[in-house]
Amino acid sequence: MDISERAKKVAERYMEENGETPLLMKPFYDGGIKRGADYRYHADFTALLPEARIGDAAFCECLYFAGEDEVIMLAVKLFSPVELWINGERVYKSDVFAEREMREVRIDAAMKKGENRIKLRFVRTKLGFGGIFGTWLGKWDFCFFRPDCPICEGARYRLNDGAWLPKLKEAEIVLNENEYALFYTKTKDGEDVYVKGEKFPEDKDFVNPFGIEGFGAWVGLYPLKGECEPSFTSTVQGTYWRFKYENVWLRPYYGAGLFGRWSYPLGVTLYGLLRFGELVGDNSIRDYVVEHVKRCTDTFKYALWDKEAHGGAASLHNLLAGIDSLDDCGAFGALVEEAALSAGAEGTEEVCDYISDYIEHRQPRLESGAFCRKNQMHSFHNDTVWADDLYMSVPFLCRRYKITGEEKYLSDAANQFIQYDKLLGIKESGLVSHVLDLRHNAATGIPWGRGNGWGVFSLSEWLSFAPEDFPERAEIEKMFVRRCETLAPLQSEDGRWRQVLDDDEAYLETSCSAMIACAFMRGVRMGLLGEEYAERAKRSVSSIYENCTDDEGNLYGVCRGSEFSFAKEYYKKELLTRKNDTHGIGIILLAAYEVMR
């Protein structure tokens, strides 16, 4: 088996399935029922329908478009009694217990591929009227759209049997002295047209440049002063494009696939693509990564404005714009830095400064300086310390040191290893617990494969950047060697490591095996580990590509994204694998890179 050819197939399949796609430009009504800062839709009918009387009902309808048959978990926060229908079938009716407590309920909602119609009925009582509905998971990015305008995010609603709302009306453009509006459209021949003025031009002889019907041919940018360079990926002089109707804005959304999106697994994925592309001399892979990064950095300022302007839920960069954890920023931020350092990506400074400021000044920490999870929108994670967060922080801090020359970043990263070893280390085995639950002052005691993989891989990252005479280097070297010595005898005869490292009944897991292999190879090259570790790494990588990839470039055996548990059964029997999961694609490419070097 040729590892290089198999790895190339994995890279090519990923890029083909997630090719560069344009942003989807859609109308957005900034009013009525829209997503708030919690990324859920707020249907406060006390405010929206103030004329309603006790006993009146409000109906709310929206559409969800599924790429495949799937089950999504919906959350509904009650202000009053509610019933929920999906595709004509009632799937939930609140009871008196939920109503009295104004409880948040979670519903497993089966969605069919394509269009799904969601309907809610709320009844007004003395206590309230309406509710909040949408994702159960903070910042989970799925959108609902209006049945009367399926390209417009939001929901329509009505009181009893009344007319559907909201109704659109044409906007009046109010400009102060020396201000103007800039309008944009296309001719029927596809030629761009820009016009300065004080009101929307006539639609005659023009077509909407984004293929949006029913909202007029023109979009307007105002108020403006002086000269400007119009953009559709950023705000211009603090404003953005809008339609001729009151409160209706042009809004960009992600297209199909993963291109241009920001998440921590994609940070690892693109890091692996970048390194593998360098190794095999394929500039098209490098260019793909750089263009993905460019899409992210080009839309960063718009996303921050969008979040502030439209109530807290940005249509792009849902994680970075609503940053409240290292997951949201560190791993992909490290990729952005790496793309700048080794691939010449430009325009990365602003987003990296933003991440650095978050980590240094706003990321929650314990008194020791150790990173922890608090005050997150995803409340299950609050008051915890995760082994994962070493990768969500250390690679970024290492590259921050290289870019700025400031040793404080390496020192902070070194302190994380030292503190996490105290908080999560399992003395009996030398392995690392997945999570420390601060509410119970107890670590899980479960040596999850990928959690340990994140840690030893991040140690190798730090050692790759730290000078030989750096104050903490000797201590980190000892920790790295000790960790590798603990992991080596747990390698299976197959060559891979297990989902729960010390449990022979746990399944063999791809991503942790690749992370450990990477760390072993780096340790050998740095002279910290003997040659037998190179052989272990090669055996692991050979097993991964032989047993976990196919001729089409598909990847198997990668554990999906996790929560945490104090029970091994969760990791062994519930936290199962997913085909082509992005937690594994990049790291097996990195493992191939390390071995092939």
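Look up: the structure comes first, before these words.
Residues numbered from 1 in each chain as written. Predicted model: local features only at pLDDT ≥ 70, side-chain atom pairs only at ≥ 80, totals over all residues. Heavy atoms only, no water.

Enquirer: Give me the state of the cysteines: which residues, what numbers.
Expert: In the structure shown here, the tally under the stated rule is zero disulfides. Not part of a disulfide, Cys 329 finds its nearest cysteine sulfur in Cys 352, a span of 10 Å. (Disulfide = S-S within 2.5 Å.)

Enquirer: With reference to specific residues and values, describe the pairing of strand S11 (residues 149-153).
Expert: Relative to S11, strand S10 (residues 145-146) runs antiparallel, the two being bridged by two bridges. Bridged to Phe 145 within S11 is Glu 153. Taken together, S10 and the strand that follows it, S11, pair antiparallel across an intervening segment of two residues. (Pairing = 2+ DSSP bridges. Helix = DSSP H or I, 4+ residues; strand = E, 2+ residues; numbered from the N terminus.)

Enquirer: So what about empty space enclosed by the protein? Which residues, and what values?
Expert: By rolling a water-sized probe across the atoms, one finds the places where empty space is left. Within this structure, the stated rule accounts for four cavities of 30 Å³ or more. The calculated volume of the largest cavity comes to roughly 70 Å³. Lining the largest cavity are Ala 387, Leu 390, Phe 417, Tyr 420, Asp 421, Val 432, Gly 451, Gly 455, Met 479 and Arg 483. For the lining of the largest cavity, the elements supplying multiple residues, two or more each, are helix H11 (408-424), helix H12 (449-465) and helix H13 (473-487). (1 Å grid on protein atoms, 1.4 Å probe; cavity = no way out; pocket = protein on both sides within 12 Å on 5 of 7 lines; lining within 4 Å. Points joined across faces, edges and corners; volume = space filled by probe spheres on them.)

Enquirer: Any chance you could break down the sheet that holds strand S9 (residues 130-135) for me, citing the residues and the numbers?
Expert: The strand order across the open sheet formed by four strands is S2-S9-S4-S7, and the pairing between neighbours is antiparallel. Only two strands of the sheet have a single neighbouring strand rather than two, namely strand S2 (40-44) and strand S7 (104-111). Put simply, the sheet's adjacent strands are angled 20 degrees from each other on average, direction ignored. For strand S4 (residues 70-78) and S7, the ladder comprises eight bridges, and the chain directions are antiparallel. Note that in S7 the partner of Val 71 across the bridge is Ala 110. (Axes fitted to C-alpha atoms, helices over the stretch in contact; angles between N-to-C directions.)

Enquirer: A description of the layout of surface pockets should follow, citing residues and the corresponding values.
Expert: By volume, the second largest pocket amounts to about 310 Å³. Lining of the second largest pocket is provided by 15 residues; of these, Arg 275, Ser 464, Arg 522, Glu 594 and Arg 597 occupy positions nearest its centre. Where the lining of the second largest pocket is concerned, the elements lending two or more residues are helix H4 (264-280), helix H8 (330-343), helix H10 (394-404), H12, helix H14 (510-525) and helix H17 (582-596). With three residues, H12 is the single largest residue contributor to the lining of the second largest pocket. Taken together, the residues of the lining of the second largest pocket sort by class into five nonpolar, one polar and nine charged. (Nonpolar A, V, L, I, M, F, W, Y, C, P; charged D, E, K, R; others polar.)

Enquirer: How would you summarise helix H15 (residues 531-547) if you had to cite specific residues and measurements?
Expert: Given a rise of 1.5 Å per residue, 17 residues ought to cover 24 Å, and the 24 Å separating the end C-alpha atoms of H15 matches this to within 8%. Regarding H15, the residues found buried are Tyr 533, Ala 534, Ala 537, Ser 540, Val 541, Ser 543, Ile 544 and Tyr 545. Buried positions along H15 lie against helix H1 (3-17), H13, strand S22 (497-498), H14 and H17. (Expected span 1.5 Å × (residues − 1). Buried < 20%, exposed > 50% of the residue type's maximum accessible area, 1.4 Å probe, protein only. Contact = heavy atoms within 4.5 Å.)

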